[in-house]
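One-letter residues, chain by chain:
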Amino acid sequence: MDCSILLMLGLLLNLSHCTDILEDDGDGGSEVEVQSDPVAVLGEEVYLRCLYHGNASITGSAWKRHRGGRVHRLAGFTNGTAFRRSTATLSFPASPTNLTVRMRVSGVDVEGEYVCVFESQDREFNKTVNLQVHVRPQTQLSVTAEMDNGTHYQSVRCSAKDGKPRAQIDWLINNKPPVKDYFSIERSDSPGRIGVSSAASILRFPTHLQDEGSVTCVVRHPTLASPVSTTVSVETFVAPRVSVQAEMRQRQEEEEEEEEDYWRVSCVASGGRPETLVSLVTTASDDDEEVEPRRENGTDAGTSVYRLPVRAYEGHNVSCVFTQPKLAEPQTRTLQLPSFSLSGVRLLSDPINELQASLELEEGQRDVSIGLEAVGNVPRYALFCQKEEASRLPGGVAVVGSALTFQAPVGLLHEGLYVCEASYYRHRATVQINITVRPRPVLLPPLISLDLRSGPSGREVQCSAVGANPAATLSWSLPEGVAAVPSPSASSPLPDGSRSVTGVLALGTACFPRPLAVGCVIHHPLFPTPEYRSVTIPLCAPPNISLSSREEWRGGEEYTVARCRVVSVATAATVTWRLGGGADGGDGVEIDDLEGVEVRTEEGQRVGLEVAALSTLRLPTSLYSGRRLSCEAGGHQERQHLLLPSLGAPVLNVSMGPGESDLWQAVCDSQAEGVEANLSWVLPAGSRGQQSRRSWTHGRTVRTRLTYRFALSSHEGDALTCLAEYRRRGSDKRTVHIPKYYISSLRVLNHTTRMKASHSGGRCVLRLSLHKSLPGQRILFEVEGNVPTHSITCQSSDGSFVKLEGDALAFPTGVKGRDEGLYTCLASFYHHQAELRLRVEVSSQDRQLANLVLICVPSASAAAVLLAVALWVFCKLNPGARRKKQETSALTALVRHLSSPEKSKALVRRPDGQQYAHLDGYCIVSDVKSTV
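Computed from a predicted structure; not experimentally measured.

**Student:** I keep staring at the overall build of the protein and nothing clicks. Help me out?
**Tutor:** Along its length, the protein carries seven helices and 66 strands. Across the 932 residues that make up the protein, the buried fraction comes to 36%. For the protein, the proportion of contacts with a sequence separation of at least 24, taken over those separated by at least 6, is 61%. For the protein, the accessible area works out to roughly 53100 Å², and carbon and sulfur atoms hold 50% of it.

**Student:** Help me understand the state of the cysteines, please; the structure alone is not making it clear to me.
**Tutor:** Formally, a disulfide is one covalent bond, and it connects the sulfur atom of one cysteine to the sulfur atom of another. All chains considered together, the criterion is met by eight disulfides. Here Cys 158 is linked by a disulfide to Cys 217, with a sulfur-sulfur distance of 1.8 Å. Residues Cys 158 and Cys 217 are joined by a disulfide whose S-S torsion is about -70 degrees; by sign, that bridge is left-handed. With a gap of 59 residues between them, Cys 158 in strand S12 (residues 151–163) and Cys 217 in strand S16 (residues 214–220) connect regions that are remote in the sequence. Paired through a disulfide, Cys 463 and Cys 520 show a sulfur-sulfur distance of 2.0 Å. Taking the sign of the S-S torsion, -80 degrees for the link of Cys 463 and Cys 520, the bridge is left-handed. Of the two residues, Cys 463 is situated in strand S34 (residues 458–468) and Cys 520 in strand S39 (residues 516–523); the sequence distance between them amounts to 57 residues. According to the relative accessible area criterion, Cys 463 is buried, its value standing at 0%.

**Student:** Sorry if this is basic, but what is going on with the sheet that holds strand S59 (residues 777–785) here?
**Tutor:** Whether parallel or antiparallel, the strands of a sheet pair through hydrogen bonds between backbone atoms. Pairing within the open sheet is antiparallel, and its three strands lie in the order S56-S59-S62. Since the sheet does not close on itself, it has two edges, and those belong to strand S56 (743–748) and strand S62 (808–811), each with one partner. This sheet shows a mean twist of 10 degrees between the axes of neighbouring strands, independent of strand direction. Where S59 meets S62, four bridges bridge the pair, whose relative direction is antiparallel. In the sheet register, Ile 779 faces S62, and the bridge partner there is Leu 809.

**Student:** Explain the environment of Ser 492 to me, please; I cannot follow it from the model alone.
**Tutor:** Inspection of the secondary structure puts Ser 492 in strand S37 (residues 490–493). Residues Ser 492 and Ala 471, 21 residues apart in the sequence, show an inter-C-alpha distance of 9.1 Å. The contacts of Ser 492, once residues within four sequence positions are left out, are Ser 498, Arg 499 and Ser 500.

Rules behind the numbers
Residues numbered from 1 in each chain as written. Predicted model: local features only at pLDDT ≥ 70, side-chain atom pairs only at ≥ 80, totals over all residues. Heavy atoms only, no water. Helix = DSSP H or I, 4+ residues; strand = E, 2+ residues; numbered from the N terminus. Buried < 20%, exposed > 50% of the residue type's maximum accessible area, 1.4 Å probe, protein only. Contact = heavy atoms within 4.5 Å. Areas by Shrake-Rupley, 256 points an atom, 1.4 Å probe, with all protein chains shown as cover. Disulfide = S-S within 2.5 Å. Pairing = 2+ DSSP bridges. Axes fitted to C-alpha atoms, helices over the stretch in contact; angles between N-to-C directions.

See the structure below:
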């Protein structure tokens, strides 16, 4: 028992000592300093730090590693000498108490626990370092595309291979995470050898929904100082710009494969990606046999071209349908092809007649071409002509282009009716040409004479061609510097049927420093070449003066611009202007500083021996109207005159009347020659109308119109004055008075009665009776007032408007029961109005008989009683039987006349001559609602 207790105490003491030893050996206490859990990157270097700070004498130190059940000494000091294993990747330590070494990490197998040991004579100090090795991953990025149920998808795969620990992969699109619901991300991890692993992430999206051109993969890993971003380009879709175009292509003669004209329809889808699918939709063709559009090959990308025959598709709608992933739905563009028409054929010489024409040709006439033109909008047409019932044209006649051409001389056999037809596929039009041939006349050559003589205005050259058939034609050949103007040739017949032609060239007082020849050229069918005759103009010294004028408008005023050109020999002449009083106003006075006159003189131009002086004069026409303007050469008697236009007095007119849009208008018209009027209206204060001005010219006459539009109510009874001011010609004014209109009442020309106040609600209502089923009845209205025109509208009691014929309410087919009721009629002229309330009652034959029984029988009984009493009294006063009999007969006749049916059918004549049926059938008027 005692031994057991002693054994137990010994074991406890040994265990306590061992525990202290283990605690000291496990970490070395605070005397050993190491780096806690260093991390190394594969392929780089790492420092293992271990320092001893104790006081013990270190005899040896080393880095140790347990591997494969054995302890390996890697590097350290033994007996003060540093060592390291040849296979180790550690450097030599610095000192026995500083075992800090540099290790090159060449593989993942260097990861693990390393023990730093310091040995003394009596004790060992150690601490363990756990080295972790990280491997930097390799980033790879790829893009693939695929079709899934007709939708184009792209998948971007980003992988971080052979990393330790596993890398984190994120995505960025336009620097933002993909958050749209059409993005899908699939992540996967796969372990590798020697403790590394690979991470992958796939971003998948439909191409047509993603508009960014690049995707960025972001890889995060402890071995990376910052995240690594890798960007890859992805395909994007772009919506195309679509349009449809059509152009017509005509068949060319050299295009043998094309048999007809066709429409070239282009369906254009530009700028789209991917390629747009294009299809053409057309309505049915006009041919009995369906003609399918033909697609051209080799067209540009994005453009589909189709050929549609014109004969089958003119006027039809064609639609291009564009389908593309970027388009939410197929886009359709529709185009209507034009329609063609051919209404007729006409002659170019007679464009009015399109169906038939007449033409007269002369026998022997050559190179006759009758131009024809089709009337319509066809792009081209074929022309075919034949004579009368023949199937082809006579010899020497053919259709060349668009003309019926007589290639041989015209003969009598060419006379007849020609039918020409223009056609373009199914469109056709014809014209009939009645050609008559006039027999060839007998040709006679002319006798030519040329004479230089003195005329009333100076020298003149007369050229004559007498006795020719047909008549000769004359022309003049003038040398340079001669500005003479020939008069029109005069032709006159001779007794033998030939003709005489005479032409006169007036030279005036012109003279020249050298001899000049004036030639007359005579043309005639018997002359192979034109005949030429000439005469020499003698020399003369006076200058040649030419004077011309034109009109010019400036600032609304007409100016006369005169141009005087003086050609003299050797020296330039001085140009002088004079202004006379009129056509016979003498020499006049020199123009110096007259009002509004401008003179501009140019330096002389020398041509050979001649010198030309030019002077231009501008003056207001209205200020010097009708006066004579002269241009003369200083030092010479020669001068030229022109008479300035005589301008009439301005005419000012005003008028007024209805205008547009319920407005009246007052129009002020001015007509002045040579000057534009400045018009203005003098209006009462507070006028709010609108004014518009218009001005135009006809020759030298200026028409100016100022229109004032106003409401009639604002100026009724006023006087409006138009004021016209003419520059340099004074002023004028005209006044127009606006009448004051009124409508006093609207009344009915038919016989009417006035309803009682109790039946009309206190308002004035007229009553009128119409016969049922009697056609042609009319209710005539008349407007009392001074308005020039008026309009009448009638509205029935149910609110509907009744149609009127002029100023009458007509019942052409007879009156029916629904026409009975209260009518409200309104007569109006702008703001003037008058109202009439009319109750129309419909009576029939049965109703009239009932009224006759109810009204006339009691009335007749009462009348008989009164008559008997009257006769009794009368007989007492006057016993004459004859007189009583006459009065009784007259009274009886009166009663019969008033109740006669013929009275109701009598015609009443209106003041304008029309007749209408009298509408009141009985003389006794009774209220039908009263009780008898």
